[in-house]
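Structural description and commentary
So you can see what is in the structure, the chains are spelled out below.
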Amino acid sequence: MSKALGKGFSLQTLLDRIADKRFEVVTLIWPCTADPQNAEQQVRALKYWNDQDAADMSGPVFGRLLSRFVFRQAHLPANAEACQMRIHMLAHSMGNRVLMNVLNAWGNSIGGGGVPLLCRNIFLTGADIPNTALERGQPGYAITLAARKVIVYHASDDRKLEESIVANTFRDGFRGAIEMTARLGDYGPESLRKTRDNVHAIDCDQFNEQFDTKTEGGKSRSVGHSYFLTDSEEAEENPSVAWKAYYQVKGAISPSLYHMAATMLTDRVAEIGTKRKLKLSPDYVFAPRQPVPPVATAQPSAAAGATNPVAHASPPG
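These remarks concern the structure in this document. (Residues numbered from 1 in each chain as written. Predicted model: local features only at pLDDT ≥ 70, side-chain atom pairs only at ≥ 80, totals over all residues. Heavy atoms only, no water.)

This part covers a nonpolar patch on the surface. A contiguous nonpolar patch, built from Val26, Leu28 and Leu65 and spanning about 300 Å² of accessible area, is present on the exposed surface. Note on placement: Val26 falls in the loop between helix 1 (2-19) and helix 2 (41-74). Residue Val26 is classed as exposed on the basis of its relative accessible area, which comes to 64%. (Patch = residues over 30% accessible without salt bridge, like charges linked within 9 Å, V, L, I, M, F, W, Y side chains within 5 Å. Areas by Shrake-Rupley, 256 points an atom, 1.4 Å probe, with all protein chains shown as cover. Salt bridge = Lys/Arg side-chain N within 4 Å of Asp/Glu carboxyl O. Helix = DSSP H or I, 4+ residues; strand = E, 2+ residues; numbered from the N terminus. Buried < 20%, exposed > 50% of the residue type's maximum accessible area, 1.4 Å probe, protein only.)

Turning to the pairing of strand 4 (residues 199-203), a few remarks are in order. Among the 5 residues in strand 4, 5 count as buried, and that is most of the element. Neither face of strand 4 is left uncovered, since the one carrying Val199, Ala201 and Asp203 and the one carrying His200 and Ile202 both have all their residues buried. For strand 3 (residues 147-154) and strand 4, the ladder comprises 5 bridges, and the chain directions are parallel. Counted as the bridge partner of Val152 is Ala201 from strand 4. (Pairing = 2+ DSSP bridges.)

Moving on to unusual backbone geometry. One non-glycine residue, Lys21, adopts positive backbone phi at about 60°. Secondary-structure assignment places Lys21 in the loop between helix 1 and helix 2.

What follows concerns the nonpolar core. Leu103, Ile122, Leu124, Leu134, Ile143 and Val150 are the most contacted members of the largest nonpolar core, which totals 35 residues. Elements supplying a minimum of two residues to this core: helix 2, helix 3 (95-109), strand 2 (119-125), helix 4 (141-145), strand 3 and strand 4. Looking at which element gives the most residues to this core, the answer is helix 2, with 7 residues. If you look at the next biggest cluster of nonpolar residues, it comprises 28 residues, including Phe9, Ala19, Tyr153 and Cys204. (Core = buried A, V, L, I, M, F, W, Y, C linked by side-chain atoms within 4.5 Å.)

Here the focus is helix 1. Under the 1.5 Å per step criterion, the end-to-end length of helix 1 is 25 Å for 18 residues, consistent within 8% with the ideal 26 Å. Within helix 1, 14 of the 18 residues are buried, leaving the element largely enclosed by the surrounding structure. After helix 1 finishes, the residue Asp20 shows a positive phi value of roughly 55°. (Expected span 1.5 Å × (residues − 1).)

Before going further, it helps to spend a moment on the packing of aromatic side chains. Here a ring pair, both rings aromatic, is described through the centre-centre distance and the interplanar angle of the planes. What the rule picks out here adds up to 3 aromatic pairs. Taken together, a centroid distance of 5.8 Å and an interplanar angle of 90° make the contact between Phe207 and Phe211 edge-to-face. Exposure class is identical for Phe207 and Phe211. Each is buried. Here the aromatic cluster, defined as three or more aromatic residues joined through ring pairs, consists of Phe207, Phe211 and Tyr227. (Phe/Tyr/Trp six-rings, centres within 6.5 Å; stacked < 30°, edge-to-face > 60°.)

Let us look at the side chain of Asn198. Looking at the secondary structure, you find Asn198 in the loop between helix 6 (184-187) and strand 4. Side-chain polar atoms of Asn198 contact the backbone oxygen of Thr144, separated by 2.9 Å. When near neighbours in sequence (up to four residues on either side) are disregarded, Asn198 contacts Thr144, Ala147, Arg148, Lys149 and Val150. (Polar contact = N/O pair within 3.5 Å; in protein donor to acceptor, adjacent residues only side chain to side chain. Contact = heavy atoms within 4.5 Å.)

Inspection of every chain in the model, using the stated rule, returns 6 salt bridges. Note that Arg120 and Asp267 form a salt bridge whose closest N and O atoms lie 2.9 Å from each other. Taken as a pair, Arg120 in strand 2 and Asp267 in the loop between helix 7 (255-266) and strand 7 (277-279) lie far apart in primary sequence, 147 residues in all. Arg183 is the partner of Asp128 in a salt bridge, and the nearest nitrogen-oxygen pair spans 2.9 Å. In this pair, Asp128 is assigned in the loop between strand 2 and helix 4 and Arg183 in the loop between helix 5 (159-175) and helix 6, connecting sequence segments 55 residues apart. Using a relative accessible area of 0% as the deciding quantity, one classes Arg183 as buried.

Axis separation between helix 1 and helix 7 bottoms out at 10 Å; the angle between their running directions is 60°. Comparing the axis directions of helix 1 and helix 7 gives the class oblique. Handedness of the crossing formed by helix 1 with helix 7: right-handed. Every residue of helix 7 that contacts helix 1 at Leu11, Leu14, Leu15, Ile18 and Ala19 is listed here: Leu257, Tyr258, Ala261, Met264 and Leu265. (Axes fitted to C-alpha atoms, helices over the stretch in contact; angles between N-to-C directions. Parallel < 35°, antiparallel > 145°, perpendicular 65-115°, else oblique. Left-handed = near helix turned anticlockwise from the far one by under 90°.)

With respect to the element layout, Arg136 can be found in the loop between strand 2 and helix 4. What makes Arg136 exposed here is its relative accessible area of 63%. Leave out the neighbours within four places in its chain, and Arg136 touches Tyr141 and Lys194. Among the polar contacts made by the side chain of Arg136, one reaches the side chain of Tyr141 at a distance of 3.0 Å.

Here it is, written out as structure tokens:
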């Protein structure tokens, strides 16, 4: 929970710097286990499988939450106003499996097989689901129906997803299921032609490792999995607040987060290169319609209860 809250507050702080406090971040937490960095491969695989089961069981729970929101919008109490805010969803790693299960649970139990057009944009980062998941007839197809645009950020040298492929291969041998395909977060959709036209793939190979390194035993190694925050793994220190241990706001802001902000602010996918196959690089410069000056300090949301440190807000490069 502390790690999830830390990432949520980090996103809020960084988006405040980029877009002058135009967004409000809401963190959804599901019961995954801590990442056992130094554990043996067998232990890591068992914990990974437990997380898969938890992600599957979280679907109906969050599906009920979604149903309550949709019901309230359709049947407002007296003198109440409908929420007019645009909703954007960011799913990372196995959180993509949670999102997939949420929408399928809602559609199968309440929506008559369909899902509501809930989001303006859905951003899938380092997605730990099969690379065929967004195709028609596949479990992730519901994601493409729930948003106007679905943006997939992927990197072929994502070390965590390499481990995921191994873990799924072993588990498939036990249960006879077929999930030994490449992951969506590796190379993006297997075939964009088999997805809806609202699906966009963005190659993050050029910077993902730079924005996600881990130091263990005095040695630094590239992971390239959580590359949507900053390029510094140094967190803010405040022992009185548990989530501060994961509050990552130092260093340069990731090009993928700048791209997300540009997409949300302009209501179109910020394209670089050929259509629907984008590529970002470390020298990518975010350029909103109205330039936002660098912010010396940024105030967190009221829930944070603390003042953020001074940090430079210029984009990387």
